[in-house]
Amino acid sequence: AALCTAFVLGAGFDYWWALLIPAVTNFAWGVLTMRLIADPADAGIITPEVRIRMEKFKAKQAAGGPAVDEGPAPITYAAALRIPMAASYAFAFGFFKLTNYVLFFWLPYFLGKHFDPVTANLIASLYSVGMMPGGVIV
């Protein structure tokens, strides 16, 4: 969206094109995703855990009992914090995200003081694009 905005504003188009183009693109991407990406169960991808749950569910149906598919019990926050190093990683990740979003929101402002708006928007957009693989790697 930011790259589109930089292009639209740099080319001299009306501002509403910078809103319309990303909106239409997101809608089209959503339709494409819903049509082309199959549900893993429909594609025959069944993990061993799901297979065990399915067998238990079929056994309950065959026994005539209430056929309710009960998944595993959810973990509590206290149990999650007892996992070794989970609290330390969560704390570190929180500060990583804080730094990331401070730069994400303030970088265009500071760049706008030293560059023209189109160049500042492009540099900020490239930072945002770099956050995608950077977030996966980190």
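Caption draft 1: The environment of Asn100, seen in detail. Position of Asn100 among the secondary structure elements: in helix H5 (residues 86–114). On the basis of relative accessibility, which here comes to 11%, the residue Asn100 falls in the buried class. It is 15 Å that separates the C-alpha atoms of Asn100 and Phe110, two residues lying 10 residues apart in sequence. Setting aside residues up to four positions removed in sequence, Asn100 forms contacts with Tyr127 and Met131.

Caption draft 2: Structural detail: unusual backbone geometry. Positive phi values are uncommon outside glycine, yet Met85 reaches one of about 70°. Residue placement: Met85 occurs in the loop between helix H4 (77–81) and H5.

Caption draft 3: Summary view of the packing of helix H1 (residues 2–11) against helix H6 (residues 117–137). In contact at an axis separation of 8 Å, H1 and H6 are set at 165° when each is read in the N-to-C sense. Judged on the interaxial angle alone, H6 and H1 are roughly antiparallel. Like other packed secondary-structure pairs, H1 and H6 cross with a definite hand, here left-handed. Two secondary-structure elements touch here, H1 through Ala2, Leu3, Thr5, Ala6 and Gly10 and H6 through Val118, Asn121, Leu122, Ser125 and Val129.

Caption draft 4: Examining the side chain of Ser125 more closely. Note that Ser125 resides in helix H6. Its relative accessible area of 2% is what places Ser125 among the buried residues. Here Asn121 takes part through its backbone oxygen, which lies 2.7 Å from a polar atom of the side chain of Ser125. Beyond its immediate sequence surroundings of up to four residues, Ser125 is in contact with Ala2 and Leu3.

Caption draft 5: Highlighting the confidence of the model for the protein chain. Looking at the protein chain as a whole, its pLDDT mean stands at 82, while 93% of the residues score no less than 70. Across the protein chain, H4 holds the top mean pLDDT of 90, while H1 sits lowest at 79.

Caption draft 6: A look at the environment of Gly12. As for its placement among the helices and strands, Gly12 is situated in the loop between H1 and helix H2 (16–36). Separated by 84 residues in the primary sequence, Gly12 and Phe96 place their C-alpha atoms 37 Å from one another.

Caption draft 7: Broad picture of a nonpolar patch on the surface. Residues Phe7, Leu9, Phe13, Tyr15, Trp16, Trp17, Leu19, Leu20, Ile21, Val24 and Val118 make up a contiguous nonpolar surface patch of roughly 1100 Å² in combined accessible area. Where the nonpolar patch is concerned, the elements lending two or more residues are H1 and H2. The element that contributes the greatest number of residues to the nonpolar patch is H2, accounting for 6 residues. Inspection of the secondary structure assignment puts Leu20 in helix H2.

Conventions and cut-offs
- Residues numbered from 1 in each chain as written.
- Predicted model: local features only at pLDDT ≥ 70, side-chain atom pairs only at ≥ 80, totals over all residues.
- Heavy atoms only, no water.
- Helix = DSSP H or I, 4+ residues; strand = E, 2+ residues; numbered from the N terminus.
- Buried < 20%, exposed > 50% of the residue type's maximum accessible area, 1.4 Å probe, protein only.
- Contact = heavy atoms within 4.5 Å.
- Axes fitted to C-alpha atoms, helices over the stretch in contact; angles between N-to-C directions.
- Parallel < 35°, antiparallel > 145°, perpendicular 65-115°, else oblique.
- Left-handed = near helix turned anticlockwise from the far one by under 90°.
- Polar contact = N/O pair within 3.5 Å; in protein donor to acceptor, adjacent residues only side chain to side chain.
- pLDDT = per-residue confidence, 0-100.
- Patch = residues over 30% accessible without salt bridge, like charges linked within 9 Å, V, L, I, M, F, W, Y side chains within 5 Å.
- Areas by Shrake-Rupley, 256 points an atom, 1.4 Å probe, with all protein chains shown as cover.
- Salt bridge = Lys/Arg side-chain N within 4 Å of Asp/Glu carboxyl O.

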